[in-house]
Amino acid sequence: MSPRDRRIQYETAGLHREDLDESPIQQWHAWYVDAVEAELPEPNAMVVGTVDEYGLPDARIVLARGVDDEGITFFGNYESSKGQQLDGTPLASVVFPWLGLHRQVRARGSVEVLSRFESDAYFASRPRESQIGAWASPQSQEIEDRSVLEKNFADFSEQFSTGEVPRPPHWGGWLLVPEVFEFWQGRPNRLHDRFRYRLEDSTDSWIIDRLAP
Ligand SMILES: Cc1cc2nc3c(=O)[nH]c(=O)nc-3n(C[C@H](O)[C@H](O)[C@H](O)COP(=O)(O)O)c2cc1C
């Protein structure tokens, strides 16, 4: 069936204002639990949108590694395209596409580089092969062939054959500090439920508004 002819009726119970947690972080966690229980693939995967030096948007999937009152944490290569874009414009938007539940969560805000202590701690928790992979891949750079990666992996495996693998200086985390969240629940006839949380000026309180779908 062509994309043009695909139609799904989103038969869900909907999202009601009285059921929303006053904190978007707690609301995210409630929906994350639903996504895990529904066995959605990679429920911590999110699309991260950034802009380049010309203002041209770019987006890719990245795994969220923490969602709490500080913000949303993710990790990667600081020299990658997203790393350079976040360096130039430290703003991002993220989308959790929980399609199996006819849901999406969006958030946007400013982005900070995590402290080296936080990046070290997370890097140390990763499997050894992923740690070596972080050394082996010059993320987002052009490479001649797959063999470049395999050779790098073999070379770094040898270099770090004993002891702990140190975190590469070009690899670490970011923290997105959301100013706006939006929870979207699909419903029949395209009359979906959308609720936006935005921070009340210079306070920590969130204002919740319903948006038209
Ligand atoms: C399911 C999934 C999870 C991913 N997780 C990460 C991640 O946590 N960190 C990361 O840097 N890239 C991750 N990637 C790869 C990115 O989508 C992207 O290819 C890479 O970060 C380079 O993007 P850039 O050139 O825009 O910097 C993931 C891709 C997929 C499909």
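Look up a bit, the structure's there.
Described in the following lines is the structure provided in the data block. (Residues numbered from 1 in each chain as written. Predicted model: local features only at pLDDT ≥ 70, side-chain atom pairs only at ≥ 80, totals over all residues.)

## Topic: the pairing of strand β7 (residues 193-199)
Across 6 bridges, strand β6 (residues 171-185) lies against β7 in antiparallel orientation. Across the sheet, Val180 pairs through a bridge with Arg198, a residue of β7. Where β7 lies against strand β8 (residues 206-210), 5 bridges are found, and the strand directions are antiparallel. Across the sheet, the residue bridging to Leu199 is Trp206, located in β8. Following β7, the chain reverses through 6 residues before pairing antiparallel with β8; Ser202 in that reversal takes a positive phi of roughly 45°. (Pairing = 2+ DSSP bridges. Helix = DSSP H or I, 4+ residues; strand = E, 2+ residues; numbered from the N terminus.)

## Regarding the environment of Glu118
Within the secondary structure, Glu118 sits in helix α3 (residues 116-124). For the pair Glu118 and Gly173, spaced 55 residues apart in the sequence, the C-alpha separation amounts to 7.8 Å.

## Observations concerning the site of the ligand
Near the ligand you find 15 residues, and of these Gly76, Ser80, Ser81, Lys82 and Ser140 are the closest. Those elements that provide at least two residues to the shell around the ligand are β2 (57-68), β3 (71-77) and α2 (81-88). (Near = placed C-beta within 6 Å.)

## Digging into α2
Every buried residue of α2 is accounted for by Lys82, Gly83, Gln85 and Leu86. Projected onto a plane normal to the axis of α2, the buried residues spread over an arc of 165° and lie on a single side. Structurally, α2 contributes buried residues whose contacts are with β1 (45-51), β2, β3, β4 (91-98), β5 (103-113) and β6. (Buried ≥ 20, exposed ≤ 12 C-beta atoms within 10 Å, placed from the backbone. Arc of directions from axis to C-beta. Contact = placed C-beta atoms within 7 Å.)

## Some remarks on unusual backbone geometry
In the Ramachandran plot, Glu39 falls in the positive-phi region, its phi being about 55° despite a non-glycine side chain. Looking at the element boundaries, Glu39 is found in the loop between α1 (24-37) and β1. A positive phi angle, close to 65°, is found at Arg190, a residue other than glycine. In this structure, Arg190 sits in the loop between β6 and β7. With 9 C-beta atoms counted inside 10 Å, the residue Arg190 sits in the exposed group.

## Examining the packing of helix α4 (residues 128-136) against helix α5 (residues 146-159)
Direction vectors running N to C along α4 and α5 enclose 120°, while the axes themselves pass 9 Å from each other. With respect to each other, α4 and α5 are oriented oblique. As α4 runs across α5, the sense of the crossing is right-handed. Where α4 approaches α5, its residues Ile132, Gly133, Trp135 and Ala136 are matched on the opposing element by Leu149, Asn152, Phe153, Phe156 and Ser157. (Axes fitted to C-alpha atoms, helices over the stretch in contact; angles between N-to-C directions. Parallel < 35°, antiparallel > 145°, perpendicular 65-115°, else oblique. Left-handed = near helix turned anticlockwise from the far one by under 90°.)

## A word on the pairing of β6
Inspection of the sheet shows β3 paired to β6 by 6 bridges, in the antiparallel sense. By the bridge assignment for β6, Asn77 is matched with Trp171.

## A closer look at the environment of Val111
As for its position among the elements, Val111 is in strand β5. The residues touching Val111, leaving out its near neighbours within four places in the chain, are Leu86, Pro90, Leu91, Ala92, Trp174, Leu175 and Leu176.

Nothing here speaks to function; it is geometry throughout.
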